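Structural features, examined
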Amino acid sequence: MVPKGWKVLVWFRSVHLDPEIYPNPKEFNPGRWNVSCRDLVENFEFNRLVNIYIYIYIYIYMYIYIYIVICVLYFDGKFTVI
């Protein structure tokens, strides 16, 4: 188990050269990187949810940014009681 706060670094070379994942990893075979349509369909739901969350975060940051800009432009440093 990795302790809280530690950073983890993944060595992609060890994944790409793993014979359990890719048979004959040192052999030149560009076809192993082709992704079938079936794999894309299986991961579609996850990818769609990730995109939705990204758009939600963009919307939230955009809203906060606009609010800060409006406050900076229109706040003159004086509070008035209505």
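Here is what the cut-offs are and how they apply
Residues numbered from 1 in each chain as written. Predicted model: local features only at pLDDT ≥ 70, side-chain atom pairs only at ≥ 80, totals over all residues. Heavy atoms only, no water. Helix = DSSP H or I, 4+ residues; strand = E, 2+ residues; numbered from the N terminus. Areas by Shrake-Rupley, 256 points an atom, 1.4 Å probe, with all protein chains shown as cover. pLDDT = per-residue confidence, 0-100.

This part covers the overall build of the chain. Helix and strand counts for the chain come out as three helices and zero strands. Going from N to C terminus, the chain has its helices and strands arranged as α-α-α. Summed over all atoms, the accessible surface of the chain reaches about 8,900 Å², with 67% contributed by carbon and sulfur.

The pLDDT averaged across the chain works out to 76; a share of 77% of its residues lies at or above 70. At the low end of the mean pLDDT range in the chain sits helix H2 (residues 37–42), at 58; at the high end sits helix H3 (residues 44–74), at 80.

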